[in-house]
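Here is what each chain is made of, one letter per residue.
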Amino acid sequence: MGLARGQFPGLTATTRLPVTLPARLISTGSLFWLLLCFGGCSRSPLESRVERFASEARDLPAPPGLSGGPWTMLHGKVAILGGTEAGRAGASRAWLYDPGAQQWAPGAKPLPPIDPDTLLWSAAGCLFPGATTGEGPHWLPSGTGDAVALPPLPAAVAGARITAVTASGGRLFLALASRAAAPPRLYAIDLEGPEAAWADCGEIAAGIGHVTTLVGQSNGERPHVFAFGQGADGPAVAAFEPQRGTWRTLPSPPPEVNRARIAPIGIAHLYAFGPSANGGEGTVLRVFNTITRVWTEPYPLPLSTVRTIAATGSGTRMHALALEPNGAARLVTVDYLMRAQGLHPADYGVILLFVVGLATMGVINSRRFRSSESYFRGGRKIPWLAAGLSVVATGQSATSFISLPARAFATNLQFTMLPLTNVFGALIMSRYFVRFFVRLNITSAYEYLQVRFSPLVHTIGSINYLAYELARISLLILVPAVAVSAVTKIDISTAILLMGAAATLYTTTGGLEGVVWADVVQILVKISAILLVLVLIFAQLQGSLLDLAGVAWREGKLKVIDWSFDLTRDSIWALILFWLTDGLKSYVANQTIIQRFISTRDERTAQRSIRASAVADTLIFWTFMLVGTGLFLFYQQNPGRLDLTMDKPDAVFPWFIVFELPPGVAGFLITALITAALSSLYGALNSTSTVMVTDFYRRFAAQPTDAGALRLGRWLTLTVGLVATGLSLLLAGLASRSLVEQTLSVIGLFGGGLGGLFLVGMLTTRVSARAALTGFVVSAMVQYVVSRHTPLHWLTYMFTGMGSCFAAAWLASFIWPEKKSLEGLTVHTCAR
C-alpha cells in the first residue's frame, strides 16, 4: 500500500528518512538470535582446559655458623628466628634466605626473647606469646622487620592459651583456649590505635572446641577472619565479620585442612598446604573460595609426608616451608598457570564491525551541525523513546555492566532496590519539575540557578558540577579499561588511552543527536548481550531452576532487604535515604539527563521520555543482578575454573566472558561492554562541554556568537576528554575496590549539595541567594566530616549532602529572606 501525495506534508521526494527505532530493534534482535544459535552450536565452554599448577621442591641449606631458633617464613622468604652467629655477641635477629640469590642475610632489627614451643605462625606474621599476664606478647608482622610490643592480655583470661593468630584490617586477632571446658574466645586489638587495648569479640562460633588456624581474608565484600579447628563432628570452619561482630558457620572443610598451613591469595581465596587425606602418603594443595565457599580438588605436591610449618604467596606464586623427619628443611614453590585461552578471531571480527559502524555514524553526524542549538540540543527534535533510552544508556555505564554482576556474585540482591530511586525521581520530576526546564527554554540546567537565585549561585553550581563530572568521567574511562585489559592482555595504560580517545573523538564530531542515536544502538546491543549471557549461564548449570533457586536461597544470595537500622551498611533504611535524594538529584541537577529531555519536542514528550527511562533502567538493572547470581552458581559448581589469583572484585564477569563463552559470543559481550562505557562517556563529555559553553562563554565573552559557541564546544569536548583520560591513568590503582561504589561515592559527595540548591529553589519561596549559598557551604563541611570521620555507608552521602544544604538554607532564610518575584520559578508559582 502506498502513501497518498500530501498525506505527510513534511515529506518530499528528496527527504531522507532516518533509520527508525523499530528497524534498529529488528536488526539488533536478529544479531542476538543469530549469535545465540551460533553459541549453541559451538563447542561447549566446559571442554576448555582449566587452570593447572606447576610445583618444585628444593632442599634448603642451614646458615653456616648460625645457632638459630625456629624456622618460619617472613616477607615471602624463609626465615630463622632468633639466630646468632657463632662466636659473636649481640641480640638475636631474623635470618632471611633469598631463594634467588641462595644466600642468608640477617635482619636489621633485633627480636624479643623467643620460646620455640609457644611461637605462633600465621600468613600475616609471627606472635611471641610471652606470658598471658604481666609481660604482653610481641607481634612480628610479615611485611616489616620490627616486632611490636603489645599490652598484656586481660586478667579475665589469665591462664588461657593462645592457639592461633592473624591480622586483618589493621587489627590483630587471637584465639584463646581456656583450660576449663569453656569454648574458645576471640580477642582483638587495634594495631594502629594510639592507646590500643584488647577487646573481647566473644565465643568462637560453629561449635569449634579447639582453633588451629586463624586467617584474614575478604569474603568479596568485607574483611573477615576465618577460624579453622576441630568441632564435635570433625573439622569445622567459621567466618567472623569484625565490622558487624557476627559469625557465620561454613561447610565443613576436608579432614586434612586442620593439619595444614593456610594463607590468603588474591581477594577471595585461601590455600592450604597439608598432608593428603585419610593418612595417605604425600602432601597436597587445596584452594578455598571465600565467596562460593567451595574447596577445589587436591593438587599433589612433590613432598613426602612432612610437617608444613609456614606458607606464603603473592601474585601467581605460592611457597610452603616443610621440615622432614630428619630435621632437613625444604622449600616448595607452586606456580599457578593462568589459562592461556584468549579471544577468538571471530570475537575480534565482531568488535571490529562495531567500531567501523560507530566511526561511520560519527562521520555522518558530523556533517549535520550548522548551529550550537543542533549541536547541544539536537534541534529539539529527539523522539521521546530515543531520549529515554539514551538516559538509560548514559546512566548504566560499564560500571553497571561489570560491577553489578560482581556485586551480586559476591554478596546478594540487596542492590536490586537501587533503581527504585530512578522510579521515584522520575515520577516526581515528570509531575512537578519538568516544566521548569522545558518552559524556561534553557540549554544548561544551571541557568535555572541564575534566574532563581543569582549569577554567583549559577557559577558555583556549574563549577561544582564540572568538578564531580570530571572525576566521574575519569572513573567511567577506567572501568572498561580494566576489563578490556584483563580479557585482551593489553596494558592497562594503553586500554585507558584507547577508551578515552574513542569516546572523545566521537563526541567531538557527533553532537547531542549523534550521541543519542549512538546510545540507542548501544543500549539495544547491551540488552541483547546481557540476555544472551544469562541464557548461556543457566544452560550450563546442573539442576532445575527450582533446585538452583534453593541453593541460592540457602547461601543468602537471594536476600533483597536488610532490615537493620545500621546506616554503616546497605540496609533498607540507607537505601530509602538514597531513594529520596539520589533520584531527585539525578533528575533536577544532572545536566546529562536534563539535556536529553529538554531536547524533545515539548513538555509532554519530555515527561514520556523520563518515565520510559525509569522503567527500562529498572528492568536492565535487575537483569544484571540476576547474571551475578548465575555466576555464583556456576563457579560454585565449577570451583576450579575461577581465577585463583583474582585481585579485583570486578574481574569475575570479564573472566567468565573470555573463558566460558563460545567464540563470537565473547566478542559480542566485549562489544556490549565497550558500548556501555562509550554511552556514558558520550553523554558526560557532551554535557560537560554544554555547561562550559552556556554557563561561561555565553555569559562572560565580550561578543559571543553561535559559530564561536559551536567551535568552542567541540574544542572543550576534546580538552575535557584528554584531561579525564590523564586522570584515569593516575587513578588506575583504585581498581582494587568495587568501581560501582567508587562512582556512586563520588556522585554522593559532590552531588548532594548541588541537588540541595535545586530543591531549595524549586520547593521554597523564602530562600534567597545568600541563604542558598549558606546552605551550600554548610553542606560541603558536613560532607567532609561524614566522609572522613564517620562510618556512615556511602549510600547516605547524597542524603547528608542534600539534607544539610536544604536545612541550612531554610534556616538562613529567616535571616536573609527572598524579596524578588518568583513567578514561574517554584512549584508554588509555576503555571500549570
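All values reported here derive from a predicted model rather than from experimental measurement. (Residues numbered from 1 in each chain as written. Predicted model: local features only at pLDDT ≥ 70, side-chain atom pairs only at ≥ 80, totals over all residues. Heavy atoms only, no water.)

Bringing the overall build of the chain into the picture now. When you go through the chain residue by residue, the secondary structure sums to 19 helices and 26 strands. When each of the 832 residues of the chain is scored for burial, the buried share is 57%. The contacts of the chain with a sequence gap of at least 6 include a subset with a gap of at least 24, amounting to 67%. Carbon and sulfur atoms make up 61% of the accessible area of the chain, which totals about 33500 Å². (Helix = DSSP H or I, 4+ residues; strand = E, 2+ residues; numbered from the N terminus. Buried < 20%, exposed > 50% of the residue type's maximum accessible area, 1.4 Å probe, protein only. Contact = heavy atoms within 4.5 Å. Areas by Shrake-Rupley, 256 points an atom, 1.4 Å probe, with all protein chains shown as cover.)

In the contact formed by helix α10 (residues 545-554) and helix α13 (residues 603-637), the axes pass within 11 Å of each other and the chain directions differ by 95°. For the element pair α10 / α13, the angle class is roughly perpendicular. Here α10 contributes Leu548, Val551 and Ala552 to the contact with α13, which in turn contributes Thr629, Leu633, Gln636 and Gln637. Taken together, the residues of the contact of α10 with α13 sort by class into 4 nonpolar, 3 polar and no charged. (Axes fitted to C-alpha atoms, helices over the stretch in contact; angles between N-to-C directions. Parallel < 35°, antiparallel > 145°, perpendicular 65-115°, else oblique. Nonpolar A, V, L, I, M, F, W, Y, C, P; charged D, E, K, R; others polar.)

We now examine the sheet that holds strand β25 (residues 317-323). The sheet built from 4 strands is open, its strands ordered β1-β26-β25-β24 with antiparallel pairing. One side of each edge strand has no neighbouring strand; the edge strands of this open sheet are β1 (52-60) and β24 (307-314). Sheet twist, expressed as the mean angle between neighbouring strand axes with direction ignored, is 20°. By the bridge criterion, 7 bridges tie β25 to strand β26 (residues 329-337) in an arrangement that is antiparallel. Of the residues in β26, the one forming a bridge with Ala322 is Arg330. (Pairing = 2+ DSSP bridges.)

Our next topic: the pairing of β24. Relative to β25, β24 is paired through 7 bridges, and the arrangement is antiparallel. Across the sheet, the residue bridging to Thr308 is Ala322, located in β25.

This part is about the confidence of the model for the chain. Averaged over every residue, the pLDDT of the chain is 76; residues scoring 70 or more account for 77%. Considering only residues more than four positions removed or in separate chains, one finds that residues 35-45, a stretch of pLDDT under 50, has 24 contacts. (pLDDT = per-residue confidence, 0-100.)

Attention now moves to helix α14 (residues 652-660). Among the 9 residues in α14, 9 count as buried, and that is most of the element. For α14, the complete set of buried residues consists of Val652, Phe653, Pro654, Trp655, Phe656, Ile657, Val658, Phe659 and Glu660.

Our next topic: the layout of surface pockets. By volume, the largest pocket amounts to about 780 Å³. What lines the largest pocket is a set of 36 residues, and nearest its centre among them are Thr118, Leu119, Leu120, Trp121 and Arg261. Of all the secondary-structure elements, those providing two or more residues to the lining of the largest pocket are β3 (71-74), β7 (120-122), β11 (161-168), β15 (208-218), β19 (261-265) and β24. By residue class, the composition of the lining of the largest pocket is 17 nonpolar, 13 polar and 6 charged. (1 Å grid on protein atoms, 1.4 Å probe; cavity = no way out; pocket = protein on both sides within 12 Å on 5 of 7 lines; lining within 4 Å. Points joined across faces, edges and corners; volume = space filled by probe spheres on them.)

A word on α13. Here α13 is 35 residues long and its end C-alpha atoms lie 52 Å apart, about the 51 Å a rise of 1.5 Å per residue gives. Along α13, 26 of the 35 residues are buried, which leaves the element largely enclosed by surrounding structure. (Expected span 1.5 Å × (residues − 1).)

Here we take up the environment of Leu323. Of note, Leu323 is situated in strand β25. Counting along the chain gives 14 residues from Leu323 to Ile309, while the straight-line C-alpha distance between them is 7.3 Å.

All right, on to the pattern of salt bridges then. Close approach of charged atoms allows side chains with opposite charge to pair. Tallying each qualifying case throughout the model produces 10 salt bridges. Among the ionic pairs, Arg244 bridges to Glu241, the shortest N-O distance being 3.2 Å. Relative accessible area serves as the criterion here: at 27%, Arg244 is assigned to the partly exposed category. One salt bridge in this structure joins Glu555 and Arg248, with 3.9 Å as the shortest N-O distance. Of this pair, Glu555 sits in the loop between α10 and α11 (572-588) while Arg248 is found in strand β18 (residues 246-249), placing the two residues 307 residues apart along the sequence. A single salt-bridge network, built from bridges that share partners, covers Arg222, Glu241 and Arg244. (Salt bridge = Lys/Arg side-chain N within 4 Å of Asp/Glu carboxyl O.)

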